[in-house]
Amino acid sequence: MRTQYDGVVLLLQGGGALGSYQGGVYEVLAETPFLPDWVAGISIGAVNAALIAGNPPERRVERLREFWRRVTNSVHWSWLPDGDALRSAANLFAAWSALLTGQPGFFRPRGVVPYFQPAGHACAVSWYDTEPLHRTLLELVDFDLLNDGPTRLSVGAVNVATGNTVYFDTRERRLGPEHIMASGALPPGFPPVEIDGEYYWDGSLVSNTPLQYVLDAGPAPTSLVFQVDLFSSRGKAPRTLPEADERAKDIRFSSRTRLVTDVYRRMHDMRCAIETLLAKLPEAMQADPEVQRIAAQIPPSRLNLLQLVYRQSEYDRDYKDYEFSRNTMLDHWQAGRNDLVRTLRHLDWLEPPDERTALVSHDVHFDAPG
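Just so we're clear, the structure is a prediction, and the values are computed from it rather than from any experiment. (Residues numbered from 1 in each chain as written. Predicted model: local features only at pLDDT ≥ 70, side-chain atom pairs only at ≥ 80, totals over all residues. Heavy atoms only, no water.)

1. Things to note about the side chain of N48
Here N48 shows up in helix α2 (residues 44-53). Judged by relative accessible area, which is 1%, N48 ranks as buried. A polar atom in the side chain of N48 sits 2.9 Å from the side chain of Q22. Beyond its immediate sequence surroundings of up to four residues, N48 is in contact with L12, G19, Q22, L64 and W68. (Helix = DSSP H or I, 4+ residues; strand = E, 2+ residues; numbered from the N terminus. Buried < 20%, exposed > 50% of the residue type's maximum accessible area, 1.4 Å probe, protein only. Polar contact = N/O pair within 3.5 Å; in protein donor to acceptor, adjacent residues only side chain to side chain. Contact = heavy atoms within 4.5 Å.)

2. Some details on the pairing of strand β2 (residues 38-42)
Along β2, five of the five residues are buried, which leaves the element largely enclosed by surrounding structure. Alternating positions in β2 separate into two faces, W38, A40 and I42 on one and V39 and G41 on the other, with burial throughout. Here strand β1 (residues 7-12) runs beside β2; their pairing, made up of four bridges, is parallel. Bridging from a neighbouring strand, L10 pairs with V39 of β2. (Pairing = 2+ DSSP bridges.)

3. Quick word on the pattern of salt bridges
Throughout the structure, instances matching the rule amount to 17 salt bridges. Across the pair R108 and D129 runs a salt bridge, and its minimum N-O distance is 2.9 Å. One end of the pair, R108, is in strand β3 (residues 108-109); the other, D129, is in strand β4 (residues 128-129), and 21 residues separate them in sequence. The partly exposed category is assigned to R108, whose relative accessible area is 34%. For D196, the salt bridge goes to R173, with nearest N and O atoms at 3.8 Å. Here D196, found in the loop between β7 (193-195) and β8 (198-202), pairs with R173, found in the loop between β6 (165-169) and α7 (177-183); they are 23 residues apart in sequence, far enough to count as distant. With a relative accessible area of 71%, D196 lands in the exposed category. Since its relative accessible area comes to 33%, R173 is described here as partly exposed. Several salt bridges converge on common partners, so that one network encompasses E27, E31, R65 and R337. (Salt bridge = Lys/Arg side-chain N within 4 Å of Asp/Glu carboxyl O.)

Structure follows, in structure tokens:
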């Protein structure tokens, strides 16, 4: 089935500690013919994307595992039974541990209160120092391969001065650790990252998925797209204040995939209508430069979007994106594995759409038969 596609794209959403779900998805993907030609990510998705694009295929899963082992090795309860009532309390402890002591290989508290620091200094605009992440990226990512290798990488950030989304793309420039860190510089926890005299924050402040960027940039004519999201736009009405905070976070950082794909379908329908109209013009008019210019703006494209969305477990709370315990990381990783295995069982979902359909999408949690 890989031969039916001109390209494979992997889209990785932001979501902090939930990002190990994407590691589990990729571990299964690495065992298939559908290795991505293009990886795009935001925030923790940018980190995972760099680990993929910046390593040869045979080392990618190993590097992903090493990253998640490093950043979760401070809290691990091997004795804690699954389903035990202590699990929620243990997860809360892990979240508070991250807030108070940071996470190894990722971030550490500055030890000073930002309000008492000189204006303009990094200590005055953030609670944590992300230098540990800088070192981790240099150790685990081959940036020469990331820039010169066969896998395209795009990571999204926000320009602090303009408020506009910016994508750092290996098709347009060479990327370093600072570009990956800019994509994940979520305020006020992390400081903005300076690149070429401009300051950047986490791309999720504007949009938490790279889907729109990839559609605008133009994937291969027939593409298989794996979109791995960490926040679900669907959920239950909250009953408590913490549940309200969690639900608001899910809505804020969910991908808006339906909106983006609906717009893409409408644009495709318009292109098809213009193409039909142009074909009916007399031959002499078809040679007109303006008609030819319009025709050139209608490239054929067919996209098959397989969406995988992390679904809330019974232990998740409003702090799930900064709860870095090893137990929870392993649960997220396994959930990612399970969801892609279930998705790939539907062989009909791997078929590209016909030329008139343009885009089809599938979500194993909603489209799979009961």
